[in-house]
Amino acid sequence: MIPIELQNLLNDNGETVTNRQAAEVGISRERLRLLANTGCLERVATGVYILPNALPDKMYMAQLRKPKIIFSHETALFLHDLTDRDPLDYSVTVPQGYNTSALVSGSFNVFAVKQEFYELGIVQMKTIFGHYVRTYCLERAICDCIRNRNRMDIAIVTDAIKRYVKRKDKNLHLLMEYAKSFRIAKSLRSYMEVLL
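Scope of this entry: the structure provided in the associated data block. (Residues numbered from 1 in each chain as written. Predicted model: local features only at pLDDT ≥ 70, side-chain atom pairs only at ≥ 80, totals over all residues. Heavy atoms only, no water.)

### Concerning the side chain of Arg140
Counted only if it meets this: Runs of E in the DSSP output that reach at least two residues are strands. Runs of H or I that reach at least four are helices, and both are numbered from the N terminus. Here, two residues are considered to be in contact whenever any of their heavy atoms come within 4.5 Å of each other.
Secondary-structure assignment places Arg140 in helix H8 (residues 138–147). Once residues lying within four places of it in the same chain are set aside, the contact partners of Arg140 are Val113, Phe117, Tyr118, Leu120, Tyr178 and Phe182.

### A short note on a nonpolar patch on the surface
So the rule is basically this: Exposure above 30% relative accessible area and the absence of a salt bridge qualify a residue for a patch, where like charges join within 9 Å and nonpolar side chains (Val, Leu, Ile, Met, Phe, Trp, Tyr) within 5 Å. Shrake-Rupley sampling with a 1.4 Å probe provides the accessible areas, and residues are treated as covered by the protein chains on show and by no other component. Any Lys or Arg side-chain nitrogen found within 4 Å of a carboxyl oxygen on Asp or Glu counts as a salt bridge. Each residue is assigned to one of three classes by its accessible area relative to the maximum for its type, calculated with a 1.4 Å probe on protein chains only: buried under 20%, partly exposed between the two thresholds, exposed over 50%.
Taken together, the side chains of Leu55, Ile128 and Phe129 present a nonpolar region at the surface, about 360 Å² in accessible area. Relative to the helices and strands, Phe129 resides in the loop between strand S7 (122–126) and strand S8 (132–136). By relative accessible area, which is 39% here, Phe129 ends up partly exposed.

### A look at the sheet that holds strand S3 (residues 48–50)
Here is the rule: Only strands that DSSP links by at least two bridges are regarded as paired with each other. Axis definition: a line fitted to C-alpha atoms, over the contacting stretch in the case of helices. Angles run 0 to 180 degrees between N-to-C directions.
Across the sheet, three strands lie side by side as S1-S3-S2; this open sheet has antiparallel pairing. Where the open sheet ends on each side, the last strands, each with one partner, are strand S1 (16–18) and strand S2 (42–45). Strand-to-strand twist across the sheet, computed as the mean angle between neighbouring axes with direction ignored, equals 35°. In this sheet, S3 lies alongside S2 in antiparallel orientation, the contact comprising three bridges. Looking across to S3, one finds that Ala45 is bridged to Val48.

### Regarding the packing of H8 against helix H9 (residues 154–166)
For any two helices packed against each other, one specifies the crossing angle of their axes together with the interaxial distance. Definition in use: The cut-offs work like this: below 35 degrees is roughly parallel, past 145 is roughly antiparallel, 65 to 115 is roughly perpendicular, and the gaps in between are oblique. Here is the rule for handedness: rotate from the far helix to the near one, and if that takes an anticlockwise turn smaller than a right angle the crossing is left-handed, while a clockwise turn gives right-handed. Three classes are used, and their members are as follows: Ala, Val, Leu, Ile, Met, Phe, Trp, Tyr, Cys and Pro are nonpolar, Asp, Glu, Lys and Arg are charged, and the others, Gly among them, are polar.
As a packed pair, H8 and H9 sit with axes 10 Å apart at the nearest point and diverge in direction by 150°. Taken together, H8 and H9 sit at an angle that is classed as roughly antiparallel. Classified by chirality, the crossing of H9 by H8 is left-handed. Facing H8, whose interface residues are Leu138, Glu139, Ile142, Cys145 and Ile146, H9 presents Val157, Ala160, Ile161 and Tyr164. Across the contact of H8 with H9, the residue classes tally to eight nonpolar, no polar and one charged.

### Observations concerning the nonpolar core
This is how the line gets drawn: Buried residues of nine kinds, namely Ala, Val, Leu, Ile, Met, Phe, Trp, Tyr and Cys, make up a nonpolar core once their side-chain atoms join them within 4.5 Å.
Counting 31 residues, the largest nonpolar core has Leu77, Ile142, Ile146 and Ile161 as its most contacted members. Ignoring sequence-local partners within four residues, the contact set of Ile146 consists of Val157, Ile161, Ile184, Ser187, Leu188 and Tyr191. Leu9, Leu10, Val17 and Ala54 belong to the second-largest nonpolar core, a separate cluster that totals 14 residues.

### What to know about unusual backbone geometry
Its identity as a non-glycine residue notwithstanding, Glu15 has a phi of 70°, on the positive side. Mapped onto the fold, Glu15 is located in the loop between helix H1 (4–12) and S1. The residue Arg183 is not glycine, and still its phi comes out positive at about 60°. Within the element layout of this structure, Arg183 appears in the loop between helix H10 (172–181) and helix H11 (185–195). A relative accessible area of 79% means that Arg183 is categorised as exposed.

### Concerning the state of the cysteines
Operational definition: Throughout, disulfides are identified as pairs of cysteine sulfur atoms within 2.5 Å of each other.
One pass over the full model with this rule turns up zero disulfides. With no disulfide partner, Cys145 has as its closest neighbouring cysteine sulfur the one in Cys143, 9.4 Å distant.

Any link to function would need more than the numbers given here.
Here's what the structure looks like:
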């Protein structure tokens, strides 16, 4: 039987709980393990548990396990509804020097950036399961895609820019500021001239 403190935590976190979250309400790792062994919980990743009938939110679980990752590029475009393509492998950005071996072997497309650019434009977005994950804002996502267009499907990049231009919540001033910071203003203008 799941203790009421843990049940409340599961309800608040979309049927997902980590070892750390459980410890904050007085539930030990051993208790979580026992609950998983009896079928009350299902262990879906190291230190991450869900209710047995819950669908695992892979983006949210990845963020829980690797808090330094920020969803970016095609994945950010998907979260912002700038593409219809559900990414098969999630694209993430980490600061330079971060050990990426576990991410690469875990089927992530990993981009490493200087610390000064790492936190630029971070926002919280809901996954399709309703959990919040860290990603980059619309403008940063567009700039990242243009910066790394040689590693991306150009049709996705072009479609994303077309959709961005039509959005009411776009911020063209911020987009140009980011483009200048990343030294892609000329490339961005080329895309924009064709689309506007």
